[in-house]
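For reference, the chains in residue letters:
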Amino acid sequence: EGKAIVKAKPYSVNELHVQRVQGVSDEEVTVVLKMNNMEPIAGAQCCFKLPNELVYVEGSVAAGARCSGTGHQATAQIKNGELTLLLYSTTNSVIPEGDGGLLTFRLRLNGPSGEYLLNPENVTLSNVAM
């Protein structure tokens, strides 16, 4: 009978989820991004290529419920149909492990009814050390 020696490096899983939302043409909906993280996160960034029918409501991005009391701020930039969202802390405050709303923003549907996919790209969830 032999013995096996196993060495492993554990890793954490940090996930960003876009919550389902529905609305009607010519009105705004609030999109919620949830984060499920296994380690403290200091900042986050992601991009969305918006379909032509979805228009970002300028100035609508906000830090979500998970950021309450942390001092995190949110900003957004739209360029060539790509929406970039950034959540940051000027004091390197962290959002502790857990699950819940990270960011919110509003979109307006300027087009026909249907299903529109919002797929986050270039997602970065950062700890204090970056």
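In case you missed it, the structure is sitting above this.
Below you will find a few notes about this structure.

### What to know about the packing of aromatic side chains
All told, the structure shown has one aromatic pair when counted by the stated rule. A centroid spacing of 5.7 Å and a plane angle of 45° characterise the contact between phenylalanine 48 and phenylalanine 105, whose relative ring orientation is tilted. Residue phenylalanine 48 is located in strand E3 (residues 43-49), and its partner phenylalanine 105 is located in strand E8 (residues 98-109); the two are separated by 57 residues in the primary sequence.

### Focus: the sheet that holds strand E7 (residues 82-88)
The strand order across the open sheet formed by four strands is E6-E7-E3-E9, and the pairing between neighbours is antiparallel. Since the sheet does not close on itself, it has two edges, and those belong to strand E6 (73-79) and strand E9 (121-126), each with one partner. Ignoring strand direction, the axes of neighbouring strands in this sheet form an average angle of 10°. Looking at chain direction, E3 and E9 are connected through four bridges and run antiparallel. Counted as the bridge partner of glutamine 45 is threonine 124 from E9.

### Description of the nonpolar core
Ranked by size, the top nonpolar core spans 24 residues in total, and within it Leu33, Phe48, Leu85, Leu102, Phe105 and Leu107 carry the most contacts. In terms of residue count, the dominant contributor to this core is E8 (five residues). Among residues more than four places away in sequence, those in contact with phenylalanine 48 are Val18, Leu33, Gly81, Glu82, Leu83, Leu85, Phe105, Leu118, Asn119 and Pro120.

### Looking at the pairing of E6
Looking at chain direction, E6 and E7 are connected through seven bridges and run antiparallel. Among the inter-strand pairings, threonine 75 is bridged to a residue of E7, identified as leucine 86. Turn length for the E6-E7 hairpin, with the two strands adjacent in sequence and antiparallel, is two residues, and the turn residue asparagine 80 shows positive phi of about 50°.

### Here's the deal with the environment of valine 94
As for its position among the elements, valine 94 is in the loop between E7 and E8. Look at valine 94 and you get partly exposed, because its relative accessible area is 32%. In sequence terms valine 94 and glutamate 82 are twelve residues apart; their C-alpha atoms lie 27 Å from each other. Each residue touching valine 94, except ones within four places of it in the same chain, is listed here: Pro40, Ile41, Ala42, Thr70, His72 and Val128.

### A closer look at the environment of valine 21
Inspection of the secondary structure assignment puts valine 21 in the loop between strand E1 (14-18) and strand E2 (28-37). The sequence separation of valine 21 and valine 32 amounts to eleven residues, and the corresponding C-alpha distance is 8.3 Å. Apart from the residues within four sequence positions on either side, valine 21 is in contact with Val29, Thr30 and Val31.

### Some points on the pairing of E8
Where E2 meets E8, ten bridges bridge the pair, whose relative direction is antiparallel. Bridging from a neighbouring strand, asparagine 37 pairs with glycine 98 of E8. Bridging between strand E5 (residues 62-63) and E8 involves two bridges; their strand directions are antiparallel. Across the sheet, alanine 63 pairs through a bridge with leucine 103, a residue of E8.

Conventions adopted
- Residues numbered from 1 in each chain as written.
- Predicted model: local features only at pLDDT ≥ 70, side-chain atom pairs only at ≥ 80, totals over all residues.
- Heavy atoms only, no water.
- Phe/Tyr/Trp six-rings, centres within 6.5 Å; stacked < 30°, edge-to-face > 60°.
- Helix = DSSP H or I, 4+ residues; strand = E, 2+ residues; numbered from the N terminus.
- Pairing = 2+ DSSP bridges.
- Axes fitted to C-alpha atoms, helices over the stretch in contact; angles between N-to-C directions.
- Core = buried A, V, L, I, M, F, W, Y, C linked by side-chain atoms within 4.5 Å.
- Buried < 20%, exposed > 50% of the residue type's maximum accessible area, 1.4 Å probe, protein only.
- Contact = heavy atoms within 4.5 Å.

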